[in-house]
Amino acid sequence: MISLLAFVTGSVAALLATGLVPGADASSASGPGCPQSCKRGAAYNNASTVSALRGATPATWAYSWSIFDNGVLPDGVEFVPMVWGPQTQDEWRLAIERALDTGSRHLLGFNEPDLSSQASLSPDDAARHYRQLLTPFSDQATLVSPAVTNGNGPALGLNWMQSFLRQCAGCNISALAVHWYGDTATDFKRYVTQALGLAGQYGLQSVWVTEFALNSDLRDQRSSPASEKFLQEVLPWLDAEAGVGRYAYFMCGEDYLVKGNGRTATGVVYTT
Ligand SMILES: *[C@@H]1O[C@H](CO)[C@@H](O)[C@H](O)[C@H]1NC(C)=O
Ligand SMILES: *[C@@H]1O[C@H](CO)[C@@H](O)[C@H](O)[C@H]1NC(C)=O
């Protein structure tokens, strides 16, 4: 495995110029000496929930699985548009330009292209669409790859991603995005470590974990004491991993990280 840490620390000046040092671009929002938690983000549908999630160390970036912010985010939170799939709305280019004009510095690629129920694309098709839809913005934004699941199988997860990255050489992608749903912190760390290895092989500067949660959260459609304990273990690890650029726990929504205008117990852990 190529050491991503060596790569990152070896070219801090170059990365600072592109805003790719983990957290570097959030420092202006969070003041000098950006805390490690500036990697932390909010994956939301309802923009008001991002305000409800405010804590001592709030999310510094947020995304809505779309190119639209769907409301007003708190000051200092970078909206990151996602090009969910190639069937984007007619006005997608204008929406992205508007986001870039109002402070977005990153663009997320397709959502779970390795699943038929989500963006559902072969690596070849995804690379072709990515080059056409996202690469032209690479001089204005840091480009993040499509986000794959942690599914196992030749056409799933990091296997899908490897084929995609091979096809998308020259797409000017800087970060690799993954999702994870599972049962243990150990399995989570193992998977993110594999993603870091793959990113290193393809010269990508960081890994973004844009969705992750315990299976039990998804099953019960709410966070629980188990998710509090899980986050207490993995948040310091994610913050300390130099190759992890950003992450967003699933999700900034009712009964998960927020409850009405405040936070759930798990939301408190997430923003403390
Ligand atoms: C990729 O980025 C480099 C450096 O910013 C730029 O010169 C080049 O035109 C970009 N490639 C494409 C295909 O946009
Ligand atoms: C949006 O989120 C806010 C804050 O959690 C909540 O009060 C409001 O009811 C939500 N709106 C909808 C339409 O769900």
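Refer to the preceding data block for the structure.
Note on numbering: residues in each chain are counted from 1, in written sequence order. All chains are assigned letters beginning with A, and all ligands numbers beginning with 1, in the order in which they are written. Local features are withheld for residues below a pLDDT of 70 in this predicted model, meaning they are given only at 70 or higher, and side-chain atom pairs are given and counted only at 80 or more; totals for whole chains, interfaces and linings count all residues. Hydrogens and water molecules were not included; the side-chain quantities draw on all heavy atoms of the structure.

Okay, the overall build of the protein next. Each helix is a run of H or I in the DSSP string that is no shorter than four residues. Each strand is a run of E no shorter than two, and both are numbered from the N terminus. Per the secondary structure count, the protein includes 11 helices and 10 strands. Note on exposure labels: buried denotes an accessible area under 20% of the residue type's maximum, exposed denotes more than 50%, and partly exposed covers the range between, all computed with a 1.4 Å probe on protein chains only. Out of the 272 residues belonging to the protein, those deemed buried represent 56%. Every residue pair with non-hydrogen atoms within 4.5 Å of one another is taken to be in contact. The long-range share in the protein, meaning contacts at least 24 apart out of those at least 6 apart in sequence, stands at 67%. In the form shown here, the protein has an accessible surface area of approximately 11,300 Å², with 50% of it arising from carbon and sulfur atoms. Using a 1.4 Å probe, the Shrake-Rupley method yields the accessible areas, and only the shown protein chains count as cover for residues.

Let us now look at the site of ligand 2. Nearness here has a simple test: a residue counts as near a molecule or strand if at least one of its heavy atoms is within 4 Å of that partner. Neighbouring ligand 2 are the residues N46, S48, T49, G260 and N261. Nitrogen and oxygen atoms within 3.5 Å of one another constitute a polar contact, given that in protein one can donate a hydrogen and the other can accept it, and given that sequence-neighbouring residues count only through two side-chain atoms. Residue N46 places a side-chain N or O atom 2.3 Å away from an oxygen atom belonging to ligand 2. One nitrogen or oxygen atom from the main chain of G260 is found 2.5 Å from an oxygen atom belonging to ligand 2. Look at ligand 2: alone it shows 360 Å² of surface, and the protein chains cover 45% of it. Residue type decides the class: Asp, Glu, Lys and Arg count as charged, Ala, Val, Leu, Ile, Met, Phe, Trp, Tyr, Cys and Pro as nonpolar, and the leftover types, Gly among them, as polar. A breakdown of the residues in the shell around ligand 2 according to their chemical character gives no nonpolar, five polar and no charged.

A few words now on the state of the cysteines. Cysteine sulfurs are considered disulfide-paired once they come within 2.5 Å of each other. By the definition in use, this model includes one disulfide. Through a disulfide, C168 is tied to C171; the S-S separation comes to 2.0 Å. On the sign convention where negative is left-handed, the bridge of C168 and C171, at about -85 degrees about the S-S bond, is left-handed. By relative accessible area, C168 is classed as buried at 5%.

What counts as a salt bridge is simple: a side-chain nitrogen of Lys or Arg found within 4 Å of a carboxyl oxygen of Asp or Glu. This model, assessed by the stated rule, comprises eight salt bridges. Residue D187 is joined to R190 by a salt bridge in which the shortest nitrogen-to-oxygen separation is 2.3 Å. You can see D187 and its partner R190 sitting in helix α8 (residues 185-201), three residues apart, about one turn around the helix. On the basis of relative accessibility, which here comes to 24%, the residue D187 falls in the partly exposed class.

Turning to the packing of helix α6 (residues 123-133) against helix α7 (residues 157-167), a few remarks are in order. Fitting a line to C-alpha atoms yields each axis, with helices limited to the stretch in contact; the angle taken between N-to-C directions then spans 0 to 180 degrees. At a closest axis distance of 8 Å, the pairing of α6 and α7 adopts a crossing angle of 45 degrees. Taken as axis vectors, α6 and α7 run oblique relative to one another. Crossing of α6 against α7: the hand is right-handed. Along its contact with α6, which presents P123, D124, A126, A127, Y130 and R131, the element α7 presents W160, S163, F164 and Q167. Its residues placed into classes, the contact of α6 with α7 shows six nonpolar, two polar and two charged. Note that the term roughly parallel is reserved for angles under 35 degrees, roughly antiparallel for angles over 145, roughly perpendicular for angles of 65 to 115, and oblique for everything else. Definitions for this section: a left-handed crossing has its near helix turned counterclockwise from the far helix by less than a right angle. A right-handed crossing has that turn clockwise.

In this section: helix α5 (residues 92-101). For α5, the full list of buried residues reads W92, A95, I96, A99 and L100. On an axial view of α5, the arc spanned by its buried residues comes to 135 degrees, and they lie on one face. The outward face of α5, more than 90 degrees from its buried face, is lined by the exposed residues L94, R98 and D101. Against the buried residues of α5 lie β3 (78-79), β4 (106-107) and α6. Note on α5: the residue one or two positions beyond its end, G103, has a positive phi of about 115 degrees. Directions are taken from the helix axis to each C-beta atom, and the arc is the one they span.

Attention now moves to the pairing of strand β6 (residues 173-182). The buried count for β6 comes to 10 of 10 residues, which makes it a mostly enclosed element. Two strands are said to pair when DSSP picks up at least two bridges between them. In terms of strand pairing, strand β5 (residues 142-148) meets β6 through four bridges, oriented parallel. Paired with V148 across the two strands is V178, which belongs to β6. Throughout, right-handed denotes a crossover for which the path from the first strand over the helix to the second runs clockwise when the strands point away from the viewer. Where the polypeptide runs from β5 across α7 and back to β6, its parallel neighbour, the crossover connection is right-handed. By the bridge criterion, eight bridges tie β6 to strand β7 (residues 206-214) in an arrangement that is parallel. Bridge assignment links A177 to a residue of β7, and that residue is W208.

Geometry of aromatic contacts follows a simple scheme: Phe, Tyr and Trp rings, the Trp one being its six-membered ring, pair when their centres are within 6.5 Å, and the pair is stacked under 30 degrees between planes, edge-to-face over 60, tilted otherwise. Counted under the stated rule, the structure contains 21 aromatic pairs. Pairing Y181 with F250 gives two aromatic rings, centres 5.9 Å apart and planes at 80 degrees, and the pair type is edge-to-face. Placement of Y181 in strand β6 and of F250 in strand β8 (residues 244-252) is noted, with a sequence separation of 69 residues between them. Under the relative-accessibility criterion, Y181 is labelled buried at 16%. By relative accessible area, which is 14% here, F250 ends up buried. Taken together, the ring pairs connect W180, F188, F212, F230, W237, Y247, Y249 and Y270 into an aromatic cluster. Charge-over-ring contacts are defined here by two conditions on Lys NZ or Arg CZ: a distance within 6 Å of the ring centre and an angle within 35 degrees of the ring normal. Its end group placed over the ring of Y270, R40 keeps NZ or CZ at 5.8 Å from the ring centre.

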